[in-house]
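Next come the chains, spelled out residue by residue.
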Amino acid sequence: MTEAGAGTRRPRTDARRNRTRILEVAEEFFAEAGITGSLDALAKRAGVGAGTLYRHFPNRDALLAALLQARNEDLEARHRAIREETDSAAALEQWLEALGEWVTAFDGLPDPLRAALSEESSPLAITCQGFITTTDEFLAAAQREGTARPWVRGRDLFLAALATAWVRGAAMSDEASAQAMRDMVRSGWATPQAGDAPAT
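Definitions and limits used
- Residues numbered from 1 in each chain as written.
- Predicted model: local features only at pLDDT ≥ 70, side-chain atom pairs only at ≥ 80, totals over all residues.
- Heavy atoms only, no water.
- Helix = DSSP H or I, 4+ residues; strand = E, 2+ residues; numbered from the N terminus.
- Buried < 20%, exposed > 50% of the residue type's maximum accessible area, 1.4 Å probe, protein only.
- Areas by Shrake-Rupley, 256 points an atom, 1.4 Å probe, with all protein chains shown as cover.
- Phe/Tyr/Trp six-rings, centres within 6.5 Å; stacked < 30°, edge-to-face > 60°.
- Lys NZ or Arg CZ within 6 Å of the ring centre and 35° of its normal.
- Core = buried A, V, L, I, M, F, W, Y, C linked by side-chain atoms within 4.5 Å.
- Contact = heavy atoms within 4.5 Å.
- Lys, Arg positive; Asp, Glu negative; His and termini not counted.
- Salt bridge = Lys/Arg side-chain N within 4 Å of Asp/Glu carboxyl O.
- Polar contact = N/O pair within 3.5 Å; in protein donor to acceptor, adjacent residues only side chain to side chain.
- pLDDT = per-residue confidence, 0-100.
- Axes fitted to C-alpha atoms, helices over the stretch in contact; angles between N-to-C directions.
- Parallel < 35°, antiparallel > 145°, perpendicular 65-115°, else oblique.
- Left-handed = near helix turned anticlockwise from the far one by under 90°.
- Nonpolar A, V, L, I, M, F, W, Y, C, P; charged D, E, K, R; others polar.

A count of helical and extended segments in the protein chain gives nine helices and zero strands. Within the protein chain, buried positions represent 38% of all 200 residues. Entry remark: accessible area of the protein chain is about 11,700 Å², with carbon and sulfur atoms responsible for 52%.

Below, the structure is given as structure tokens:
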């Protein structure tokens, strides 16, 4: 029985080791090549066969979802900290900034996240919907206080974060482009307050 037990445990141990190795290499690989890098090349670098990679992660979205999980935890920690902010507009702005950093984890990430919004079967869809819900919560608080326009939706702000991340990596962008996009988005959702400088 002991030998049989040991025999059944080893494959699970090897599988966990392979999965961990794939994720470690994928983090580095996507940071270098972007998320469109060859999965076969990734598997080779990880020292596993393509079949092993696909058994753990059936498609690119599944691999990205697993990679983003650790980053999700960091974002959730920031979410909890931002909830302590008493100024609802400042809280929304801080959350959108945190979200903007999250979507730039890898070059090209905004595209599959955008696609996941219309593909419920994507492993990334639940992640996106969860962050849209959180954005709605911060937005609703600002709307109740009159610091955010009533017609703005959390879904649109999430898409704006994706667009800003995309602009950051666009060929025509420069160091000022991403900040300019954030400023334009803020001027769209925030209601003018007393003392604000007039637009020029």
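You can see V167 is positioned in helix α8 (residues 154-168). Its relative accessible area of 16% is what places V167 among the buried residues. In this structure, the C-alpha to C-alpha distance between V167 and A178, residues 11 residues apart in sequence, is 6.4 Å.

The subject of this paragraph is the packing of aromatic side chains. All chains considered together, the criterion is met by five aromatic pairs. Aromatic rings pair up to connect W95, W102, F131 and F138 into one cluster. Geometry around F106 places R71 over its ring, the cationic atom sitting 5.0 Å from the centre.

Here the focus is the nonpolar core. Across soluble globular proteins, nonpolar side chains show a tendency to be buried alongside one another. Within the largest apolar cluster, 53 residues are counted, with the highest numbers of intra-cluster contacts made by F30, L42, L63 and W189. For this core, the elements supplying multiple residues, two or more each, are α1 (2-33), α2 (39-46), α4 (60-82), α5 (88-102), α6 (110-116), α7 (123-144) and α8. For L42, the contacting residues outside a window of four places in its chain are I22, V25, A26, F29, F30, L53 and L63.

Relative to the helices and strands, D61 is located in helix α4. In this structure D61 is buried but unpaired, with R60 as the nearest side chain of opposite charge at 6.7 Å. Of the polar contacts made by the side chain of D61, one reaches the side chain of S122; its length is 2.9 Å. Excluding anything up to four places from it in sequence, D61 contacts P112, S122, P123 and L124.

On average, the protein chain scores 86 in pLDDT, and the residues at 70 or more come to 89%. When mean pLDDT is compared element by element in the protein chain, α2 scores highest at 95, while α1 scores lowest at 79.

Here we take up the packing of α5 against α7. Direction vectors running N to C along α5 and α7 enclose 160°, while the axes themselves pass 7 Å from each other. In terms of orientation, α5 and α7 fall into the roughly antiparallel class. Viewed along their axes, α5 and α7 form a crossing whose handedness is left-handed. Contacts between α5 and α7 involve S88, A89, A91, L92, W95, L96, L99 and W102 from the former and T127, F131, T134, T135, F138, L139, A141 and A142 from the latter. Considered class by class, the residues forming the contact of α5 with α7 number 12 nonpolar, four polar and no charged.

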